[in-house]
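Architecture and fold: a report
Letter by letter, the chains look like this.
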Amino acid sequence: MNFIKRNWQTISLVFIGLIVIITRLVPISLGDLYGDNAINSFRAYGWFDYLGTSGQSVPFEWLGFVPAWGNLSFHDAPPLTFLIQHIFFVFFGGNVVVARLPFVLAGVASIFLVYFLLKKITNQRVAVWATIIYAVSSYSAWASQAAYLEGIEEFFIVASMLSGAYYLFKDQKKKFLFLWAIFTACAILTKYTALFLLPPIVIYAFLYRKTLKPQWRNVLLAVIIFVILLSPVIIYNINVYQLRGHFDAALSSIVGMHPEDYWIISNRSASFNIFPNIQSGFNILKSNISFPLLILFFICLLVSISQIRKKGWRSFESMVLINFFFLVLMFGFSGPTTRFLSILVPFIVLITALTIPIIFSWLKNKPSLYLTSSVLVVIIILFEGFYSFNTNVLKNPIGKADWLYSGNKVQNLGFNQLDNFIRDNVIVSLPPKVGIKTKNDISFTNEDFTNRSVIIIDDRINWFAQMWYFQRYFLYHRWPYFSTSYLSDRNPNRFTIKDLLNASGKPLYFIYPINQSVIDPTRAVDKNLNSIGPALSANLDKSSTQFTIIENSLGTPAFKVYRIDRI
């Protein structure tokens, strides 16, 4: 017992490290990419902003080539996350693990950044509490695994707020002021939702105006650094506005523009349904955080608010609260989603960790209550750890969703297994990656067919997943791939199976979905087009064509892959 008391902090850090490895690194290869994470990874892989879909057009389609300024950002998000992913792809190759790795590492870095800076801003006990809660957080582990923009944005938000707090409350050397500017700009360059960081900066610049006044040159330089770092999106949006009369899709939504270029996502705009939005946000938190930890957080939030009068606004605790409330206010107007709201996790962690010692101090003269509350907090944290493990690590979670695990779970639908089959049997030797500058670069030639097995997929397969698992090979490696819509009599560029076999001189592979989870329900509008795949599959079955069943991680059949040697 004495050994534990003397070394509790070291033991806690080892415990944290084990949790991080188990909940973030172990399942890194399991989940598929089948949402915005797929289309973002697809574009980051080739540094090419293109979706090939109507209603969400890009400079490449407007001009027929990629202008110089078109490489500075993307039409629906700032560029930093894409750049980080692109660097990982360049050095480590293109696969799901590499696509997800930057987000996992960002999540791990956030946890330990909280520890190392928080112990200097407050004390080591608070830092250990925060780090443990952060490490066991199921929502945080999910954000790392899901590989959405928020997974990296979260790190820069943490770095921005803590470096700013360190400058204000501990060490007013100019380097920390510059770090504050750099991390804040990087957070916005990751996603515009990080703009909520700016009002608190203005508030604290006013509160500490006497302190900052003698350092006005450094403050001015920090602002210049901030603007320079944001210059890629500024230049990009100036050019888009001059060319099309609007900003990029994300910024257009923020300022209330609804351009025809982005009509398919035009419903993304500010909303004044504040209370329904906040209620929706609460429901999202309830579905991603274990109920005991959520209750503990709300208790700590109320206690923290009650302490403002005692500690004043010029305190770290108040700074955390102000940032938290501006973030909540932003989601109150913009409407939350599960991935958007994941950036609340650091604030939930900090508010809880900062308040637990206050509650304990109130009970220190009441031994029985102190012991009971201590045991209860430990149980809550252990339960959140189980909840996280059950959600993010186990392939088949135990118990009831939203009680013992989150229903919002990164799933393996079978796309990773399908990709492994393709690489082992079809694209055994991956052609070199090519750059795309003009529309001519995405046109196929006869040479692209020669000695390459053509891949045909049922048009109903999840569109997002198609971009990563198929379009990536098509656009960047010139591997012939088509959807069943190209077999339609109504398609002016129609192919037949015989045409494709003759052009390639190799067997053709047809990928047919046999599980509803891999089918995109929104692509079932055109019944004529979406009947082609089932009809082709039925004909191939009748002719006893060789096929392979692809199963997901639970052993459930997901795809049937036909090898067609002749017709």
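The structure this text deals with has already been given above.
Here's what I pulled together on the structure shown here. (Residues numbered from 1 in each chain as written. Predicted model: local features only at pLDDT ≥ 70, side-chain atom pairs only at ≥ 80, totals over all residues. Heavy atoms only, no water.)

A word on the overall build of the protein chain
What counts is decided by this rule: For helices the rule is a DSSP run of H or I covering at least 4 residues; for strands it is a run of E covering at least 2, with both sets numbered from the N terminus onward. Here the globule rule reads 2.2 Å times residues to the power 0.38, and the radius of gyration is calculated from C-alpha atoms. Using a 1.4 Å probe on the protein chains alone, a residue whose accessible area is under 20% of its type maximum counts as buried, one over 50% counts as exposed, and one in between counts as partly exposed. In what follows, residue pairs with any heavy atoms lying within 4.5 Å of each other are defined as contacts. Accessible surface is estimated by sampling points in the Shrake-Rupley manner with a 1.4 Å probe; for residues, cover comes only from the protein chains shown. Charge counting follows a simple rule: Lys and Arg are positive, Asp and Glu are negative, and His as well as the terminal groups are ignored. Charge positions come from single atoms, namely NZ of Lys, CZ of Arg, CG of Asp or CD of Glu.
What the protein chain contains, in helices and strands, is 25 helices and five strands. A compact globule built from 567 residues would reach a C-alpha radius of gyration of about 24 Å, and the protein chain, at 26 Å, matches this within 12%. Principal-axis analysis of the C-alpha atoms places the extent of the protein chain at approximately 85 × 55 × 45 Å. Here the protein chain holds 567 residues, and 54% of them are scored as buried. Within the protein chain, residue pairs in contact and separated by at least 24 positions form 76% of the contacts whose partners lie at least 6 positions apart. Carbon and sulfur atoms form 62% of the exposed surface of the protein chain, whose accessible area is close to 25300 Å². With 48 positive and 29 negative side-chain charges, the protein chain shows a spacing of 15 Å between the two charge centroids.

Considerations on the packing of aromatic side chains
Note the following rule: Geometry of aromatic contacts follows a simple scheme: Phe, Tyr and Trp rings, the Trp one being its six-membered ring, pair when their centres are within 6.5 Å, and the pair is stacked under 30 degrees between planes, edge-to-face over 60, tilted otherwise. Our definition puts a charge over a ring when NZ of Lys or CZ of Arg is within 6 Å of the ring centre and also within 35 degrees of the ring normal.
Scanning the model with the defined rule gives 45 aromatic pairs in all. An angle of 35 degrees between the planes, with centres 5.4 Å apart, marks the rings of Phe42 and Tyr476 as tilted. Of this pair, Phe42 sits in helix H3 (residues 36-46) while Tyr476 is found in helix H23 (residues 463-477), placing the two residues 434 residues apart along the sequence. Pairing Trp142 with Tyr148 gives two aromatic rings, centres 6.1 Å apart and planes at 45 degrees, and the pair type is tilted. Taking relative accessible area as the criterion, Trp142 reaches 6% and is therefore assigned buried. Pairwise contacts between aromatic rings join Phe42, Tyr45, Phe89, Trp468 and Tyr476 into one cluster. The lysine or arginine in question, Arg472, covers the ring of Tyr45, its NZ or CZ lying 5.3 Å from the ring centre. Of note, Lys560 hangs over the ring of Phe547, and the distance from its end group to the ring centre comes to 4.6 Å.

What to know about the sheet that holds strand S3 (residues 508-513)
Filter applied, for reference: In this analysis, strands are considered paired if DSSP registers two or more bridges between them. Axis lines are fitted to C-alpha atoms, over the contacting stretch for helices. Their N-to-C directions set the angle, which ranges from 0 to 180 degrees.
Across the sheet, which stays open at both edges, the five strands sit in the order S2-S1-S3-S5-S4 with mixed pairing between neighbours. Strands at the two margins of the open sheet, each flanked by one partner only, are strand S2 (481-483) and strand S4 (547-551). Adjacent strand axes in the sheet meet at a mean angle of 20 degrees when their direction is disregarded. Taken strand by strand, helix H22 (residues 415-425) contacts strand S1 (455-457), S3, S4 and strand S5 (557-564), and its axis lies near 140 degrees from that of S4. Against the sheet, helix H24 (residues 497-504) makes contact with S1, S2, S3 and S5, and its axis sits at roughly 135 degrees relative to S3, the strand it touches most.

A closer look at the environment of Leu168
Tracing the sequence through the fold places Leu168 in helix H9 (residues 150-169). Sequence separation between Leu168 and Tyr204 is 36 residues; the distance between their C-alpha atoms is 8.7 Å. Those residues in contact with Leu168 that sit more than four places away from it in its chain are Trp180, Tyr204, Tyr208 and Met319.

Some points on helix H25 (residues 532-542)
One turn of the α-helix equals 3.6 residues, which is why residues spaced by three or four share an orientation. Test applied: This arc is taken over the directions from the axis of the helix to the C-beta atoms.
Among all positions in H25, only Ile532, Gly533, Leu536, Ser537 and Leu540 are buried. An end-on view of H25 places all buried positions within 130 degrees of arc, on one side of the element. Those residues of H25 that are buried lie in contact with S3 and S5. Positive backbone phi, approximately 60 degrees, marks Ser544, located one or two places after H25.

Describing a nonpolar patch on the surface
How we decide: Patches draw on residues past 30% relative accessible area with no salt bridge. Two like charges within 9 Å are joined, as are two nonpolar side chains (Val, Leu, Ile, Met, Phe, Trp, Tyr) within 5 Å. Salt bridge, as used here: a side-chain nitrogen of Lys or Arg that lies within 4 Å of a carboxyl oxygen of Asp or Glu.
A contiguous nonpolar surface patch, about 580 Å² in accessible area, is contributed by Val14, Leu18, Ile21, Ile22, Leu25, Val26 and Phe389. Here the element with the most residues in the nonpolar patch is helix H2 (residues 8-25); it accounts for five residues. By secondary structure assignment, the location of Val14 is in helix H2.

Structural notes on the pairing of S5
Most of S5 sits inside the fold, with six of its eight residues counted as buried. Relative to S5, S3 is paired through six bridges, and the arrangement is antiparallel. When the sheet's bridge partners are listed, Tyr509 is paired in S5 with Arg563. One ladder, built from five bridges, connects S4 with S5; its direction is antiparallel. Bridging across to S5, Phe547 finds its partner in Tyr562. Between S4 and S5, which pair antiparallel and follow one another directly, the connecting turn spans five residues, one of which, Gly555, has a positive phi of 85 degrees.

With respect to unusual backbone geometry
In this structure, Trp47 takes a positive phi of about 45 degrees despite not being glycine. In this structure, Trp47 sits in the loop between H3 and helix H4 (59-63). Unusually for a residue other than glycine, Asn451 sits at a positive phi of about 60 degrees. Note that Asn451 resides in the loop between H22 and S1. What makes Asn451 exposed here is its relative accessible area of 54%.

Looking at the side chain of Glu153
One can find Glu153 in helix H9. As a buried residue without a salt bridge, Glu153 has its nearest oppositely charged side chain in Lys191, at a separation of 5.7 Å. Aside from chain neighbours lying at most four places away, what touches Glu153 is Ala187, Thr190, Lys191, Thr193, Ala194 and Ile343.

Examining the side chain of Ser483
The cut-off we apply is this: N or O atoms within 3.5 Å of each other form a polar contact, as long as, within protein, one can give a hydrogen and the other can take it, and as long as residues adjacent in sequence are counted only when both atoms are side-chain atoms.
In this fold, Ser483 is placed in strand S2. Relative accessible area serves as the criterion here: at 8%, Ser483 is assigned to the buried category. Engagement of the side chain of Ser483 in a polar contact is seen with the side chain of Asp459, the distance being 3.0 Å. Excluding its chain neighbours within four sequence positions, the residues that come into contact with Ser483 are Ile456, Ile457 and Asp459.

So, the environment of Leu350
Of note, Leu350 is situated in helix H20 (residues 345-363). As for Leu350 and Leu301, which are separated by 49 residues in sequence, their C-alpha atoms are 10 Å apart. Filtering out sequence-adjacent residues up to four positions away, Leu350 remains in contact with Val114, Leu118, Met161 and Val320.

Examining the packing of helix H15 (residues 274-288) against helix H18 (residues 316-334)
Rule in force here: Angles are sorted into four bins: roughly parallel if under 35 degrees, roughly antiparallel if over 145, roughly perpendicular if 65 to 115, and oblique for all others. By convention, the crossing between two helices is left-handed when the near helix turns anticlockwise from the far helix through less than a right angle, and right-handed when the turn is clockwise.
At a closest axis distance of 7 Å, the pairing of H15 and H18 adopts a crossing angle of 115 degrees. Classed by the angle they form, the pair H15 and H18 counts as roughly perpendicular. As for how H15 packs across H18, the hand of that crossing is right-handed. Facing Ile274, Asn277 and Ile278 of H15, the residues of H18 in contact are Phe331, Gly332, Phe333 and Ser334.

What to know about the packing of H18 against H20
Under the convention used in this document: Each residue receives one of three labels: charged for Asp, Glu, Lys and Arg, nonpolar for Ala, Val, Leu, Ile, Met, Phe, Trp, Tyr, Cys and Pro, and polar for the others, Gly being one of them.
For the pair H18 and H20, the least separation of the axes is 10 Å and the interaxial angle reads 145 degrees. Here H18 runs over H20; the crossing is left-handed. Here Phe316, Glu317, Val320, Leu321, Asn323, Phe324 and Leu327 of H18 come into contact with H20, specifically with Phe347, Leu350, Ile351 and Leu354. The residue inventory of the contact of H18 with H20, partitioned by class, reads nine nonpolar, one polar and one charged.

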